[in-house]
Amino acid sequence: MKRRNFLELSALGFGGLMLPSIPVFGDIISPERALETVDTALKKRLADVALNTAKSKGANYADVRIGRYLQQYIFTREKQVQNIVNAESFGVGVRVLANGTWGFAATSDVSDKGVAKAAEQAVAIAKANSKLQKEPVQLAPVKGFGEVSWKTPIEKNAFEVPVGEKADLLLAANAAAMDNGANFVNSALFQVNEQKYFASTEGSYIDQDVHRIWPNFTVTAVDKASGKFKTREALSAPMGMGYEYMIPKASEKIKGPEGTGLNGYRYAYDMLEDAALAAKQAKEKLTAKSVMAGKYDLVLDPNHLGLTIHESVGHPLELDRVLGYEANYAGTSFATLDKWKSKSFKYGSDKVNIFADKTQKGSLGYVGWDDEGVKTKKWDLIKDGVLVNYQAIRDQAHIINEPESHGCCYADSWSSVQFQRMPNVSLAPGKEKMDVDKLISGVDKGIYIAGRGSYSIDQQRYNFQFGGTTFHEIKNGKIVGMLEDVAYQSNTQEFWNSCAGSCDESDYRLFGSFFDGKGQPSQISAVSHGSAHTRFNGVNVINTARKI
Amino acid sequence: MAILTKEQAQAILKKALGFSKADECEITLSGNEGGNIRYARNEVSTSGAEENVSMAVESRFGKRSGVATINEFDDKSLEKVIRRSEEIAKLAPESPEYVELLGPQKYITTKANFDSTAKIDPAYRAEAAAKSIKAASDKGLTAAGFLEHYTRFTAKMNNKGLFAYHPSTDIDFSVTMRTEDGTGSGYVTQDFSDASKLDTGKASQIAAEKAANSRNAKALEPGKYTVILEPAASIDLLRNMFFNMDQRNAEEGRSFLSKPGGKTKVGEKLVDERITVYSDPTNPEVPTAPFAGDGRPQEKVTWIDKGVVKNLYNTRYWASNKGSASIPPPGNVIMEGGSQSLEDMIKSTKRGILVTRLWYIRAVDPQTLLYTGLTRDGTFYIENGKIMYPVKNFRFNESPVIMLNNLEALGKPQRINGSLVPPMKVRDFTFTSLSDAV
């Protein structure tokens, strides 16, 4: 966790919300101030000051990011608003290559003098560190794009919606849960806007306006007599969208399996409907059957499978992990270069086609250019089950013989140095027509798992254990009731090789991770994972009930 | 200069408070200065320095409250931040959990700032990394490590007469070393308030030894084992327990400390009677601020006494609502131990597993405080008092409550992540599967 000007919201008593610590960078501002923008001409002038200073001090390459990062977070419980956070962070980060070594410096002094000083410092740091450098940094070529701009294709800017209206929606969702038998409910709405201006000595001046949103809740049901309590998480996804995601649309609802009452949400969420069902399900969980440990065929909902993809495919294919740069914290990877070079490493069954895509509509990772000025694109990671590629940025592309960067470089703030981050990584839907009921109809003994739960995986991404938020037993092709105390344990390669196929494209939707952590000091990033309902055969399920 | 003296902080706070027109106003001024260095593949990868001072103002009109922050301190800026917080307060809904701000408080004195840490410069950081890298390269190992240090201060003042000031320093170091063939990995982590206690070269030797000795691990069947958990292994599980002792959650029926009928486990024996846990801001090994974030004094509080739950922490609202004693969440956790060293504990073990580090710990069931995670960077089989060979890493599913009931022995407490925790020997620790990860 970065200790620079942040509030640890997890310490403010949101215990019911199953979230990692929530970083807030910057100064608290009024909602109106969030609607102001910074003049592009001014940013270009400041960028040129940084680039010219860096070159004159001896840099062979320089890039500058002038960033304004806005966050608005609203927290409620039951009938009350607990906290509203409006934060802004504005500053400049300058990265240079001098003597073949990276140097970086950042400042909140956004003036000619301030950026020139940061550029000078960055060159000085690069020169100092170059004494310890064994091999000079090699950058893959990139085109200069001139003056260009990009904006998340939103319909309604969430920052323009009055705070009161947004808080009322959360309180209405809380009421829907309480009316349906919840004892407690915590809800939140996270909104982020990154206004990023990137320029480099390659000849690019890129102005981007990136929007993200995440509604979320945790419903708790308590049985006072027995002392038992159960929770059910929201089935929303964080999205690279505006406030339009918060307005329910029948066309964006995908009916879940017969017998579960669940709906999937594609590009529009129905928070009230989900909160009402969550309360009923949290109560039902109090008396649900405890699972018998053993092997089951699993049918996984996209809002659950996304996290499994994130942990067991997204992270192990980060090239910096593979090379050892994250060894002290996040770890390394089982997906070593020799496995990739063999061109025959079976990561999964023939049904498994997993791609990276920074241009996916509605996704958290969707941008026009990455944080080192590379145009974003789509590429294959696993094709017909075989490992074919990694995620690489400009200074890594040569290691895997790629002619250009994959465009997945990101920094969480103007003051953080950009590095390789996970792009959207998604499982391609099945090619044959298939809905979830048909997929379940073929399962004799299985479990249907939806939503986020407990997730844990080792530092090389072999062994994992995942839970969910709802579990339904499948018997002879039909859902027969809820289960509790379910977690599945598997090995990444074994698990993906047990993949028996997915529903078709009409069932495909996105899951997302809003606060993914990596690096030291830790940086966050937001990333989506698409999939359709998918079946995995013979997976080891454990019973997690204990007595204390 | 990001670190203000008590007098400098007091003067700014007084001036800012002078602009307030609200019923109640409380201002927090805090700053930090620090730096870090990161290395991997035996080379420095990134390094940086940062400093920041910021002020947060909370203004209140009746039960309405607004917060604004700023990082400039001229008169105009001070007045601006006060006015902005007042504007936000006027727009806010009334809080049903309103409690009046605290008046003057008496705080105990703690010594948490050390010049040795405050004066660290880039040369110190480079040298610290170089010593660690040398410990790796001398043995043909590859190091990836991180060092960061901070000097901080927090000051607080309100219009009811409260004033608090606390300076502190800390330094955190960790390194993972791997063998060239990728079959061995070792880890060490240390943190101090006083940087003169840190020797990155010496600490790195521990990681190097563990890496070299953990080559070609053997696979043992998963199951229930006696384990010796080093403090770096047990700390996260213990913190997840001790920092979950919230009175409101327990009374609302959604905590491992809840009981049927809306009661809590306060006064009941929860764990082995050799377990005593308290917090104390004055402990010289793990000093913390003598006040909590809301201005309440931090004093010595016993959470678990000889296995019995003694106290739960709360907010001021919940304490007054329930008529309970007002107890802020702890700043540190101190777990009493014994006098045995880690070596003594190994010697007295017939059959068991030594665990260096637990990783990716996630809650499985908040009702029983069941957690899952994996061993990492140095897991060894012990037989008849000796470390016999390295073993493959395991996944565990275990609750710290069950773990502290299955206690065999406690060693001498050590500082880890700002708390004091002893190495501990525990029987029947539940490993549920094997991992191929090194």
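Bear in mind that the values here come from a model prediction, so they are computed numbers and not experimental data. (Residues numbered from 1 in each chain as written. Chains lettered and ligands numbered in written order. Predicted model: local features only at pLDDT ≥ 70, side-chain atom pairs only at ≥ 80, totals over all residues. Heavy atoms only, no water.)

**Quick look at the interface of chain A and chain B**
Facing 61 residues of chain A, the contacting portion of chain B comprises 73 residues. Of the roughly 5800 Å² buried where chain A meets chain B, counting both sides, 48% is carbon and sulfur surface. Viewed at the interface, chain B and chain A are joined by two salt bridges. Notably, a salt bridge pairs Glu326 of chain A with Arg38 of chain B, separated by 2.9 Å at the nearest N-O pair. At the surface where chain A touches chain B, the tally comes to 26 residue pairs in polar contact (both at pLDDT 80 or more). (Contact = heavy atoms within 4.5 Å. Buried area = accessible area lost by both parts, 1.4 Å probe. Salt bridge = Lys/Arg side-chain N within 4 Å of Asp/Glu carboxyl O. Polar contact = N/O pair within 3.5 Å; in protein donor to acceptor, adjacent residues only side chain to side chain.)

**Quick word on the domain arrangement of chain A**
All names here are of chain A. The assigned domain composition of chain A is domain 1 (9-286) and domain 2 (290-543). For domain 1 versus domain 2, the distance between C-alpha centres works out to 21 Å. Facing the 70 residues of domain 1 at the interface are 57 residues of domain 2. Summed over both partners, the interface of domain 1 with domain 2 buries about 5300 Å², with 61% contributed by carbon and sulfur atoms. Across the domain 1-domain 2 interface, the total number found is five salt bridges. For Glu484, the salt bridge is made with Lys230, and the minimal N-O distance between the two is 2.9 Å. Class assignment for the residues of the side of domain 1 that touches domain 2 results in 38 nonpolar, 17 polar and 15 charged. (Domains from an automatic or database assignment. Nonpolar A, V, L, I, M, F, W, Y, C, P; charged D, E, K, R; others polar.)

**Looking at the domain arrangement of chain B**
Residue and element names in this part refer to chain B. Domain assignment breaks chain B into domain 1 (6-211), domain 2 (217-238 + 337-434) and domain 3 (244-332). Between the C-alpha centres of domain 2 and domain 3 the distance comes to 25 Å. If you look at the interface, domain 2 gives 15 residues, while domain 3 gives 13 residues. Buried surface at the junction of domain 2 and domain 3, summed over both partners, amounts to about 1200 Å²; 60% is from carbon and sulfur atoms. For the pair domain 2 and domain 3, the interface holds zero salt bridges. Summed over the shared surface of domain 2 and domain 3, the result is five residue pairs in polar contact (both at pLDDT 80 or more). Contributing elements (two or more residues each) for the side of domain 2 that touches domain 3: helix H10 (400-405), strand E18 (407-410) and strand E20 (419-421). (Helix = DSSP H or I, 4+ residues; strand = E, 2+ residues; numbered from the N terminus.)

**A short note on the UniProt feature "domain: Metalloprotease TldD/E central" (unreviewed entry) in chain A**
On the UniProt side, "domain: Metalloprotease TldD/E central" (unreviewed entry) is annotated at positions that read residues 159-256 of chain A here. End C-alpha atoms of residues 159-256 of chain A are separated by 32 Å, and the span's content is 17% helix alongside 47% strand. (UniProt positions renumbered as here; feature names shortened; annotations may be inferred.)

**Some remarks on the UniProt feature "domain: Metalloprotease TldD/E C-terminal" (unreviewed entry) in chain A**
Per the UniProt record, "domain: Metalloprotease TldD/E C-terminal" (unreviewed entry) is annotated on residues 294-541 of chain A. Taken end to end, residues 294-541 of chain A has its terminal C-alpha atoms 5 Å apart, with 14% of it in helix and 36% in strand.

**Considerations on the confidence of the model for chain B**
Summing up the model confidence of chain B, the mean pLDDT is 95 and the portion of residues at 70 or higher is 100%. At the level of chain-chain contacts, confidence expressed as ipTM amounts to 0.92, with global pTM at 0.94. (pLDDT = per-residue confidence, 0-100.)

**Focus on the sheet that holds strand E18 (residues 425-427) of chain A**
Residue and element names in this part refer to chain A. Sheet architecture is open: four strands sit in the order E15-E14-E13-E18, paired in antiparallel fashion. Of all strands in the sheet, those with a lone pairing partner are strand E15 (386-387) and E18, marking the two edges. As judged from the three bridges shared by strand E13 (residues 354-357) and E18, these two strands associate in the antiparallel manner. From the neighbouring strand, Ile354 faces E18, where its bridge partner is Leu427. Along the sheet face, helix H5 (residues 302-314) touches E13, strand E14 (378-383) and E18 and points at about 120° away from the line of E18. (Pairing = 2+ DSSP bridges. Axes fitted to C-alpha atoms, helices over the stretch in contact; angles between N-to-C directions.)

**Thoughts on the pattern of salt bridges**
Applying the stated rule across the entire model yields 56 salt bridges over all chains. Residue Glu252 of chain B pairs with Arg77 of chain A through a salt bridge whose shortest N-O separation is 2.8 Å. Separated into two different chains, Glu252 of chain B in the loop between helix H7 (247-251) and strand E8 (258-259) and Arg77 of chain A in strand E2 (residues 61-77) make up a pair that spans both. Pair check on accessibility: Glu252 of chain B and Arg77 of chain A agree, each one buried. Its salt-bridge partner being Lys197 of chain B, residue Glu285 of chain B comes within 3.8 Å of it at the nearest N-O pair. Note that Glu285 of chain B is positioned in the loop between strand E10 (277-279) and strand E11 (301-305) and Lys197 of chain B in the loop between strand E6 (185-192) and helix H5 (200-213), a separation of 88 residues in sequence. Judged by relative accessible area, which is 37%, Glu285 of chain B ranks as partly exposed. (Buried < 20%, exposed > 50% of the residue type's maximum accessible area, 1.4 Å probe, protein only.)

**Details of the UniProt feature "domain: Metalloprotease TldD/E central" (unreviewed entry) in chain B**
The positions UniProt marks with the feature "domain: Metalloprotease TldD/E central" (unreviewed entry) are residues 116-214 of chain B. Helix makes up 33% of residues 116-214 of chain B and strand 43%, and the two end C-alpha atoms of the span are 35 Å apart.

**A short note on helix H6 (residues 231-242) of chain B**
The buried fraction of H6 of chain B amounts to nine of the twelve residues, a majority that puts the element mostly inside the structure. When we look at burial in H6 of chain B, the residues that qualify are Pro231, Ala232, Ala233, Ser234, Ile235, Leu237, Leu238, Met241 and Phe242 of chain B.

**Examining the sheet that holds strand E3 (residues 64-70) of chain B**
Residue and element names in this part refer to chain B. Ordered by their spatial adjacency, six strands build an open sheet running E3-E2-E1-E4-E5-E6, and the pairing between neighbours is antiparallel. Strands with a single pairing partner mark the edges of an open sheet, and in this sheet they are E3 and E6. This sheet shows a mean twist of 15° between the axes of neighbouring strands, independent of strand direction. By the bridge criterion, 14 bridges tie strand E1 (residues 24-40) to strand E4 (residues 141-158) in an arrangement that is antiparallel. By the bridge assignment, Glu26 is partnered in E4 with Asn158. Each of E4, strand E5 (163-179) and E6 touches H5; the most contacted strand, E6, lies at about 155° to it.

**A short note on the nonpolar core**
Formed by 52 residues in total, the largest nonpolar core has its most connected members in Leu298, Val313, Tyr347, Ile447, Tyr488 and Trp496 of chain A. What Trp496 of chain A contacts, discounting residues up to four positions off in sequence, is Leu305, Ile309, Ser312, Val313, Tyr347, Gly348, Ser349, Val352, Ile354, Leu427 and Phe536 of chain A. Ala233, Leu237, Val271 and Met403 of chain B belong to the second largest nonpolar core, which has 49 residues in total. (Core = buried A, V, L, I, M, F, W, Y, C linked by side-chain atoms within 4.5 Å.)

**Thoughts on the packing of aromatic side chains**
One pass over the structure, following the stated rule, counts 41 aromatic pairs over all chains. Considering the side-chain rings of Trp150 of chain A and Tyr366 of chain A, the 4.8 Å spacing of their centres and the 70° angle between planes classify their relative orientation as edge-to-face. With Trp150 of chain A in strand E5 (residues 146-151) and Tyr366 of chain A in the loop between E13 and E14, the pair connects residues that are 216 residues apart, well separated along the chain. Across this residue pair, the class does not change: Trp150 of chain A and Tyr366 of chain A are buried. Here a set of aromatic residues connected by ring pairs shows up, and it is made of Tyr73, Phe75, Phe190, Trp214, Phe514 and Phe515 of chain A. One residue, Arg254 of chain B, lies across the ring of Phe184 of chain A, its end atom 4.1 Å from the ring centre. Looking at Arg357 of chain B, its charged tip hangs above the ring of Tyr187 of chain B, at a distance of 3.7 Å from the centre. (Phe/Tyr/Trp six-rings, centres within 6.5 Å; stacked < 30°, edge-to-face > 60°. Lys NZ or Arg CZ within 6 Å of the ring centre and 35° of its normal.)

**Describing the packing of helix H1 (residues 40-56) of chain A against helix H2 (residues 112-129) of chain A**
Residues and elements named next belong to chain A. Across the interface, H1 lies against H2 with an axial gap of 8 Å and an inter-helix angle of 30°. Along this stretch, H1 crosses H2, giving a crossing that reads as right-handed. Residues Arg45, Leu46, Val49, Ala50, Thr53 and Ala54 of H1 pack against Asp112, Val115, Ala116, Ala119, Glu120 and Val123 of H2. When grouped by side-chain class, the residues that make up the contact of H1 with H2 number eight nonpolar, one polar and three charged. (Left-handed = near helix turned anticlockwise from the far one by under 90°.)

**Here's the deal with the environment of Val355 of chain B**
Residue and element names in this part refer to chain B. Here Val355 shows up in strand E14 (residues 351-365). Taking the C-alpha atoms as reference points, Val355 and Phe394, 39 residues apart in sequence, are found 10.0 Å from one another. Once residues within four sequence positions are removed from consideration, Val355 is found in contact with Val227, Ile228, Leu229, Glu230, Ala233, Thr375, Gly378 and Phe431.

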